[in-house]
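Now for the letters of each chain:
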Amino acid sequence: MITFEEFKANVAAVRERIDSACRAVRRCPEAVALLPVTKNHPVDAVRFAARVGLSAVGENRVQEAHYKRDSCPEGVRWELIGHLQSNKAKQAVAIFDRIQSVDSLKLLGRLDRAAAAANKQLPILIQCNTGEDPNKYGFKVSGMEAAMEAALEAESLRLDGLMTIAPFDEDPAVAVAAFEKLRELRDELSARFGCPLSELSMGMTGDLEQAIAAGSTQIRVGTALYGAREV
Ligand SMILES: *Cc1c(COP(=O)(O)O)cnc(C)c1O
């Protein structure tokens, strides 16, 4: 694990990348939130984020977030960004403040029931596999209309927007296409359903510039902030 000084320097470097990506397309840097991804890093990764004023972290496993949450400062928000099995919906609802990786109708239904039972209104994003990557979870583009209907009918879920993970490819055009597809989809669905879908969670260490150019409102960054993950 890196030191806090190194972490601060990494945050500054990522902020600089955000600023210059925004400048290039005349977007306001305040419109792009930075979500530090602390998965596979010790609890200190979360404490470091809180110390520089980053108030939410991304984790990809229920178990790991559960034990970290117990030893972390109050006030940090926890976002689930990894695939969730529907039989863990109840646990996930207890631990996470938002679930970005809603990738099936079955999971959506389970989360709604678990949130209702916990007397919670659970913020979610719908994950779409816009890059049609066979190695990635997420609704197909053709399934997004049904996903939207179900999410809007779910009384204990609050739909904030959409999330995608671009396919890993040396050619940046592949990520660009996946991000632009998510933005277009958002515009279409938002108009059709009369729902703002204001959050577009897209972009990671390797492709955040492309994501910001395509309209990302939140980038999820692990490696550029914390170095390689300790698996
Ligand atoms: C791990 C992960 C990230 C962060 O990836 P880096 O390349 O380390 O920045 C972002 N989003 C999701 C969904 C992840 O699983």
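For the structure, see preceding data.
These remarks concern the structure in this document. (Residues numbered from 1 in each chain as written. Predicted model: local features only at pLDDT ≥ 70, side-chain atom pairs only at ≥ 80, totals over all residues. Heavy atoms only, no water.)

Next up on the list: the side chain of Arg 186. You can see Arg 186 is positioned in helix α7 (residues 172–193). If sequence neighbours within four positions are ignored, Arg 186 has contacts with Leu 162, Pro 196, Leu 197, Ser 198 and Leu 200. (Helix = DSSP H or I, 4+ residues; strand = E, 2+ residues; numbered from the N terminus. Contact = heavy atoms within 4.5 Å.)

Time to look at helix α1 (residues 4–24). Look at α1: 30 Å from first C-alpha to last across 21 residues, which is about the 30 Å you get at 1.5 Å a residue. For α1, the full list of buried residues reads Phe 4, Phe 7, Val 11, Val 14, Ile 18, Ala 21 and Cys 22. Burial along α1 is one-sided: seen end-on, the buried residues are contained in an arc of 100°. The exposed set on the far side of α1, more than 90 degrees from its buried face, consists of Glu 5, Arg 23 and Ala 24. Buried residues along α1 sit in contact with β1 (33–36), α2 (44–51), α8 (208–213), β8 (218–221) and α9 (223–226). (Expected span 1.5 Å × (residues − 1). Buried < 20%, exposed > 50% of the residue type's maximum accessible area, 1.4 Å probe, protein only. Arc of directions from axis to C-beta.)

Around the ligand lies a shell formed by Val 37, Lys 39, Ile 81, Ile 165, Met 204, Thr 205, Arg 220, Val 221, Gly 222, Thr 223 and Arg 229. Within the side chain of Arg 220, one N or O atom sits 2.9 Å away from a nitrogen atom of the ligand. Relative to its free-state accessible area of 390 Å², the ligand is covered by the protein chains to the extent of 90%. Taking a 2 Å distance to the grid points as the criterion, the majority of the atoms of the ligand fall inside the largest pocket. For the shell around the ligand, the class distribution of residues is 5 nonpolar, 3 polar and 3 charged. (Near = heavy atom within 4 Å. Polar contact = N/O pair within 3.5 Å; in protein donor to acceptor, adjacent residues only side chain to side chain. Areas by Shrake-Rupley, 256 points an atom, 1.4 Å probe, with all protein chains shown as cover. 1 Å grid on protein atoms, 1.4 Å probe; cavity = no way out; pocket = protein on both sides within 12 Å on 5 of 7 lines; lining within 4 Å. Sits in = over half its atoms within 2 Å of the grid points. Nonpolar A, V, L, I, M, F, W, Y, C, P; charged D, E, K, R; others polar.)

Glancing now at the layout of surface pockets. Volume-wise, the largest pocket comes out at about 600 Å³. What lines the largest pocket is a set of 29 residues, among which Lys 136, Ile 165, Ala 166, Met 204 and Arg 220 lie closest to the centre. When contributions to the lining of the largest pocket are tallied by element, the ones reaching two or more residues are α7 and β8. Of the residues assigned to the lining of the largest pocket, the class counts are 12 nonpolar, 10 polar and 7 charged. (Points joined across faces, edges and corners; volume = space filled by probe spheres on them.)

In this structure, Val 176 sits in helix α7. The sequence separation of Val 176 and Ala 213 amounts to 37 residues, and the corresponding C-alpha distance is 8.6 Å.

Below, the discussion takes up the pairing of strand β3 (residues 77–80). Note: strand β2 (residues 56–59) against β3, 4 bridges, orientation parallel. If you follow Gly 58 over to β3, its bridge partner there is Glu 79. Once the chain exits β2 it traverses helix α3 (residues 62–70) before rejoining the sheet at β3, and the crossover so formed is right-handed. Handedness of the crossover is the feature at issue here: the chain leaves β3, passes through helix α4 (residues 89–95), returns alongside strand β4 (residues 98–102), and the resulting connection is right-handed. (Pairing = 2+ DSSP bridges. Right-handed = clockwise from strand over helix to strand, strands pointing away.)

The subject of this paragraph is the pattern of salt bridges. Summed over all chains, the structure comprises 17 salt bridges. As a salt-bridge pair, Glu 59 and Lys 68 come within 2.7 Å of each other at their nearest N and O atoms. Take Glu 59 and Lys 68: they sit in the same class, and that class is buried. The salt bridge involving Arg 98 is made with Glu 199; its shortest N-O contact spans 2.7 Å. One end of the pair, Arg 98, is in strand β4; the other, Glu 199, is in strand β7 (residues 199–201), and 101 residues separate them in sequence. Each member of the pair, Arg 98 together with Glu 199, is buried. (Salt bridge = Lys/Arg side-chain N within 4 Å of Asp/Glu carboxyl O.)

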